[in-house]
Amino acid sequence: SKFALEGISETLGKEVNDLGIKVTAVEPGSFRTDWAGRSMVRAERSIADYDALIDPIRKRRLEMSGRQVGDPQKAAQAMLKLALSADPPAHLLLGSDAVRLVEDKMKLLQAEFAAWKSVSLSTDIA
């Protein structure tokens, strides 16, 4: 769903740019809020087959609650700066963990594109 919102925001931004409307997808990493703690409400699981996958994720999330790297007040300041910007970016990463994850993904994409470049280029009409 986050990936879909990125795409929709980017496309919307291109469509309304000529109207002077700017659109930014704010993409935060983990912030020290109560999101993963006592405020999180979990639905009852009805399919036990997913327990082996979900349980470690939930355990890690609970262990990290209150120890996330992001400062919510600094994120709010960054978003205010964004809102006041005359030339905001299409994407704004917040937090070192978000930057690291995106940089890692970009490296993987570049390697994949390079590995398949000859196949990609082979599809043009000669």
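Residues numbered from 1 in each chain as written. Predicted model: local features only at pLDDT ≥ 70, side-chain atom pairs only at ≥ 80, totals over all residues. Heavy atoms only, no water.

- The name given to the chain in an unreviewed UniProt entry is Short-chain dehydrogenase/reductase, with the source organism recorded as Chiloscyllium punctatum.
- Turning to the chain, the UniProt record has this under Sequence similarities (unreviewed entry): "Belongs to the short-chain dehydrogenases/reductases (SDR) family." (UniProt positions renumbered as here; feature names shortened; annotations may be inferred.)

### Some remarks on the pairing of strand E1 (residues 25-28)
Step number 1: In E1, alternate side chains face the same way, and those of Ala-25 and Glu-27 are buried while those of Val-26 and Pro-28 on the opposite face are not.
Step number 2: Here E1 pairs with strand E2 (residues 91-94) via four bridges, running parallel. Counterpart to Val-26 in the pairing with E2 is Leu-92. (Buried < 20%, exposed > 50% of the residue type's maximum accessible area, 1.4 Å probe, protein only. Helix = DSSP H or I, 4+ residues; strand = E, 2+ residues; numbered from the N terminus. Pairing = 2+ DSSP bridges.)

### Regarding helix H1 (residues 2-16)
Step number 1: Under the 1.5 Å per step criterion, the end-to-end length of H1 is 21 Å for 15 residues, consistent within 8% with the ideal 21 Å.
Step number 2: Among all positions of H1, only Ser-9, Gly-13 and Val-16 are buried. Angularly, the buried residues of H1 cover 85° about the axis, an arc narrow enough to put them on a single face. Exposed side chains of H1 directed beyond 90 degrees from the buried face belong to Phe-3, Ile-8, Lys-14 and Glu-15.
Step number 3: As for H1, its buried residues are in contact with E1. (Expected span 1.5 Å × (residues − 1). Arc of directions from axis to C-beta. Contact = heavy atoms within 4.5 Å.)

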